[in-house]
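# Secondary and tertiary structure notes
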Amino acid sequence: NRSASFFFTAKSSGFVLSTLRQRVHPQMDLTLAAAEKILTHRFDLLGYEGLNYGDPIDWHLDPVHGKRAPRKAFYKVPYLSFAACGDSKITWELNRHQHLVTLAKAYRLTNDQRYAGEVLSQWQHWQVENPYPIGINWASSLEVAFRSLSWLWMYHLLEGTPAFPPGFRQQWLRAQGLNGRHIERYLSTHFSANTHLLGEGVALFFLGTLCPELPRAGSWKARGWEIVLEAARGQIHTDGFHFEQSVYYHVYALDFFIHAY
């Protein structure tokens, strides 16, 4: 029962692409330039340019400081220890997989199979290198949430194209089901129980809405939306500004609210 729809459908993609070419052509050029860089496994992250994660990509690496997080069960990974893991934020930023969305966009804009092939190759390699529950990339539920949202965008950008092999949706659903179960079980109700929890709630809401085949979809949708509403009531001052009183966090929260809405 796939009754839910994304922001766009495969049938509407022609109109969307035509509109983009007419109105935001410079942005399209930037997307393609970024995608070309990603093909070489060099990434611009957190102000660092051209970070090299190797070939194949080392998903556990902080390349700025040359440190690799240990492959232990996620609850045993000391991700706040620089000596053990380096800067976990650098490692996590790549593992949010927002660059897979860039590659998927580049494929839709050009039909260049290199981009679609790289999306699939990286996605499948990540599954092998990050078996649940091993590694730093399971240590933060917010990071799992970001990755889940990226995989949703990745999938819907490529849906209806020759990019995915037969049976890919089942692989993808299994991975998203694992993400949803992890987020639900380890919600940030004690650590960063505001901005982290909001991102996790949005991811649960999206998974529950867009993956209705999964057994927990209904519960995730309801719990995720409840978290979003609680955050809107509890994190926003009466003047409309986010309670962290930081422009960055205000934009972060507003983006999540609008995305979910």
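So, here is what we can say about the structure in this document. (Residues numbered from 1 in each chain as written. Predicted model: local features only at pLDDT ≥ 70, side-chain atom pairs only at ≥ 80, totals over all residues. Heavy atoms only, no water.)

## Quick notes on the overall build of the protein
Put simply, the test is: Strands are runs of DSSP state E lasting at least two residues, helices are runs of H or I lasting at least four, and both sets are numbered from the N terminus onward. Our radius of gyration is a C-alpha quantity, and the globule rule it is checked against amounts to 2.2 Å times the number of residues to the power 0.38. Here the term buried applies to any residue with accessible area under 20% of the maximum for its type, exposed to any over 50%, and partly exposed to those in between, with areas from a 1.4 Å probe on protein chains only. Between two residues, a contact is recorded if the distance between any of their heavy atoms is within 4.5 Å. Only the protein chains shown count as covering a residue, and every accessible area follows the Shrake-Rupley method with a 1.4 Å probe. The sign given to each residue is positive for Lys and Arg and negative for Asp and Glu; His and the chain ends receive no count. Where a charge lies is defined by one atom per residue type: Lys uses NZ, Arg uses CZ, Asp uses CG and Glu uses CD.
In terms of helices and strands, the protein carries eleven helices and four strands. Scaling as 2.2 N^0.38, a compact globule of 261 residues should have a C-alpha radius of gyration of about 18 Å, and the protein matches this with 18 Å. If you line up the protein on its principal axes, its C-alpha atoms span 45 × 40 × 40 Å. In the protein, buried positions account for 47% of the 261 residues. Look at the contacts in the protein between residues 6 or more apart in sequence, and 67% of them connect residues 24 or more apart. Working note: accessible area of the protein is about 13,100 Å², and carbon and sulfur atoms make up 55% of it. The averaged location of the 22 negative side-chain charges in the protein is 6 Å from the averaged location of its 25 positive side-chain charges.

## Topic: a nonpolar patch on the surface
Rules: Patches here are clusters of residues that have more than 30% relative accessible area and form no salt bridge, with a 9 Å joining cutoff for like charges and a 5 Å cutoff for nonpolar side chains (Val, Leu, Ile, Met, Phe, Trp, Tyr). Salt bridge, as used here: a side-chain nitrogen of Lys or Arg that lies within 4 Å of a carboxyl oxygen of Asp or Glu.
Together, Phe15, Val16, Leu20 and Val24 make up an exposed nonpolar region whose accessible area comes to about 330 Å². Tracing the backbone through its elements, the reader meets valine 24 in the loop between helix H1 (13–23) and helix H2 (25–39).

## Side note on the pattern of salt bridges
By the definition in use, this model includes ten salt bridges. Salt-bridge contacts for arginine 68 lead to aspartate 58; the nearest nitrogen and oxygen are separated by 2.4 Å. With a gap of ten residues between them, arginine 68 in strand S4 (residues 67–68) and aspartate 58 in the loop between strand S2 (48–52) and strand S3 (61–62) connect regions that are remote in the sequence. With relative accessibility at 13%, the residue aspartate 58 sits in the buried group. Close ionic contact of arginine 169 with glutamate 213 constitutes a salt bridge, the shortest N to O distance being 2.8 Å.

## Overview of the nonpolar core
Put simply, the rule is: We call a set of buried residues a nonpolar core when its members are Ala, Val, Leu, Ile, Met, Phe, Trp, Tyr or Cys and they connect through side-chain atoms within 4.5 Å of each other.
By size, the foremost hydrophobic cluster in this structure holds 74 residues, and its most contacted members are Tyr53, Trp123, Leu152, Phe168, Trp172, Leu198 and Val202. Ranked by the residues each element gives to this core, the list is headed by helix H7 (residues 141–158), at eleven residues.

## Examining the packing of H2 against helix H6 (residues 113–129)
The cut-off we apply is this: Angles here are taken between N-to-C directions and fall from 0 to 180 degrees, while the axes themselves are lines fitted to C-alpha atoms, restricted in helices to the stretch in contact. In these notes the angle categories are as follows: under 35 degrees is roughly parallel, over 145 is roughly antiparallel, 65 to 115 is roughly perpendicular, and the rest is oblique. Crossings are assigned a handedness: left-handed for a near helix turned anticlockwise from the far helix by less than a right angle, right-handed for a clockwise turn. Polar here means any residue other than Ala, Val, Leu, Ile, Met, Phe, Trp, Tyr, Cys and Pro, which are nonpolar, and Asp, Glu, Lys and Arg, which are charged; Gly is therefore polar.
Following both chains from N to C, one finds H2 and H6 inclined at 50°, their axes separated by 11 Å at the closest point. Taken together, the axes of H2 and H6 are oblique relative to one another. Both H2 and H6 take part in a crossing whose hand is left-handed. Across the interface between the two elements, Leu32, Ala35, Glu36, Ile38 and Leu39 from H2 touch Arg114, Tyr115, Glu118 and Gln122 from H6. For the contact of H2 with H6, the residue count by class is five nonpolar, one polar and three charged.

## Details of the environment of histidine 182
For the record, the criterion: Throughout this description, a polar contact denotes any pair of N or O atoms lying within 3.5 Å of each other; where both atoms belong to protein, one of them has to be capable of donating a hydrogen while the other can accept it, and for residues adjacent in sequence the pair is counted only when both atoms sit in side chains.
Position of histidine 182 relative to the elements: it lies in helix H8 (residues 168–185). Put simply, histidine 182 and glutamate 244 are 62 residues apart on the chain and 27 Å apart in space, counted from C-alpha to C-alpha. Once residues within four sequence positions are removed from consideration, histidine 182 is found in contact with Phe74, Tyr132, Trp138, Ser141 and Val144. Side-chain polar atoms of histidine 182 contact the backbone oxygen of tryptophan 138, separated by 3.1 Å.

## What to know about the packing of aromatic side chains
Selection criterion: Ring pairs are drawn from Phe, Tyr and Trp, using the six-membered ring of Trp, whenever the two centres fall within 6.5 Å, and their geometry is named by plane angle: stacked under 30 degrees, edge-to-face over 60, tilted for the rest. Look at NZ for Lys and CZ for Arg. If either is within 6 Å of the ring centre and within 35 degrees of the ring normal, a charge sits over the ring.
Taken as a whole and assessed by the stated rule, the structure comprises 25 aromatic pairs. Summarising the aromatic geometry, the rings of tryptophan 123 and tryptophan 151 are spaced 5.5 Å apart at their centres and angled 70° between planes, so their arrangement reads as edge-to-face. Linking tryptophan 123 in helix H6 with tryptophan 151 in helix H7, this pair joins segments that are 28 residues apart in sequence. Accessibility classification places tryptophan 123 together with tryptophan 151 in one group, the buried group. Geometrically, the ring pair formed by phenylalanine 205 and phenylalanine 206 is edge-to-face, given 6.4 Å between the ring centres and 80° between the ring planes. Side by side, phenylalanine 205 and phenylalanine 206 carry an identical accessibility label, which is buried. Among the aromatic side chains, those forming a connected cluster through ring pairs are Phe74, Tyr75, Trp123, Trp126, Tyr132, Trp138, Trp151, Tyr155, Phe164, Phe168, Trp172 and Tyr186. Over the face of the ring belonging to tyrosine 115 we find arginine 114, whose NZ or CZ atom lies 5.1 Å from the ring centre.

## Let's talk about the side chain of threonine 161
On the secondary structure map, threonine 161 appears in the loop between H7 and H8. Within the local environment of threonine 161, its side chain forms a polar contact with the backbone oxygen of leucine 158, the two atoms lying 2.7 Å apart. Dropping the residues within four chain positions of it, threonine 161 is found in contact with Tyr107 and Arg108.

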